[in-house]
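If you want the building blocks of each chain, they are given just below.
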Amino acid sequence: MTAVRCATPIGFERLVAYWLGELPGADESPIEEHLFGCANCSQRLGELAALGCGIRAAVHSGAVRAVITLPFVEQMKR
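All of these numbers come straight from a predicted model, not from anything done at the bench.

*Asks:* Honestly, the layout of surface pockets in this entry has me stumped. Any pointers?
*Replies:* A probe matching the size of a water molecule, rolled over the atoms, marks out where space remains unfilled. Taken as a whole, the largest pocket holds about 150 Å³ of empty space. Forming the boundary of the largest pocket are Val16, Trp19, Leu20, Leu48, Ala49, Leu51, Gly52, Cys53 and Arg56. Broken down by element, the lining of the largest pocket gets its largest block of residues, six residues, from helix H3 (residues 39–61). In the lining of the largest pocket, the residues fall into seven nonpolar, one polar and one charged.

Below, the structure is given as structure tokens:
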């Protein structure tokens, strides 16, 4: 069986912003409605959430090592 593709997929940036709770309420509602009716976009959101959980687990376990600069940390705080 072939999955039905979405005719109006949610862009990656908007999907990430939705997942992170960074969209204004007026922008969030139409995305939620779309996700309830679109298996394709809902699956993409689920994959994005799973990726985030995997990255978080890898960082917390020490599997990812990185050196970051103080200006980078300050920018992330903002």
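*Asks:* What exactly am I supposed to notice about the packing of helix H1 (residues 12–19) against H3 here?
*Replies:* Angle between the axes and distance between the axes: these two values describe a pair of packed helices. Running from N to C, H1 and H3 point in directions that differ by 65°, and their axes come no closer than 11 Å. As H1 runs across H3, the sense of the crossing is right-handed. Contact residues: H1 offers Phe12, Leu15, Val16, Tyr18 and Trp19, while H3 offers Arg44, Leu45, Leu48 and Ala49. Tallied by class, the residues present in the contact of H1 with H3 amount to eight nonpolar, no polar and one charged.

*Asks:* How do you make sense of the environment of Gly11 when you look at a structure like this?
*Replies:* Looking at the secondary structure, you find Gly11 in the segment before H1. Owing to a relative accessible area of 36%, Gly11 belongs among the partly exposed residues under this scheme. Sequence separation between Gly11 and Ile55 is 44 residues; the distance between their C-alpha atoms is 21 Å.

*Asks:* Quick question: what am I supposed to make of the pattern of salt bridges here?
*Replies:* If charged atoms from side chains of opposite charge come close, those side chains can pair. What the rule picks out here adds up to one salt bridge. The salt bridge involving Lys77 is made with Glu74; its shortest N-O contact spans 3.6 Å. With Lys77 and Glu74 both in helix H4 (residues 70–77) and three residues apart, the pair spans about one turn of that helix.

*Asks:* Is there a simple way to explain the packing of helix H2 (residues 25–37) against H3 in this structure?
*Replies:* Put simply, H2 and H3 touch, their axes get as near as 6 Å, and they point 105° apart. In this view, H2 runs roughly perpendicular relative to H3, as classed from their interaxial angle. Between H2, through His34, Leu35 and Gly37, and H3, the contact on the second element is made entirely by Ala39, Cys41, Ser42 and Leu45. Tallied by class, the residues present in the contact of H2 with H3 amount to four nonpolar, three polar and no charged.

*Asks:* Looking at this structure, how should I read the environment of Ile55?
*Replies:* Among the secondary structure elements, Ile55 is positioned in helix H3. Classification of Ile55 by relative accessible area gives partly exposed; the value is 49%. Expressed as a C-alpha distance, the spacing of Ile55 and Phe72, which sit 17 residues apart in the sequence, is 19 Å.

Rules and cut-offs
- Residues numbered from 1 in each chain as written.
- Predicted model: local features only at pLDDT ≥ 70, side-chain atom pairs only at ≥ 80, totals over all residues.
- Heavy atoms only, no water.
- 1 Å grid on protein atoms, 1.4 Å probe; cavity = no way out; pocket = protein on both sides within 12 Å on 5 of 7 lines; lining within 4 Å.
- Points joined across faces, edges and corners; volume = space filled by probe spheres on them.
- Helix = DSSP H or I, 4+ residues; strand = E, 2+ residues; numbered from the N terminus.
- Nonpolar A, V, L, I, M, F, W, Y, C, P; charged D, E, K, R; others polar.
- Axes fitted to C-alpha atoms, helices over the stretch in contact; angles between N-to-C directions.
- Left-handed = near helix turned anticlockwise from the far one by under 90°.
- Contact = heavy atoms within 4.5 Å.
- Buried < 20%, exposed > 50% of the residue type's maximum accessible area, 1.4 Å probe, protein only.
- Salt bridge = Lys/Arg side-chain N within 4 Å of Asp/Glu carboxyl O.
- Parallel < 35°, antiparallel > 145°, perpendicular 65-115°, else oblique.

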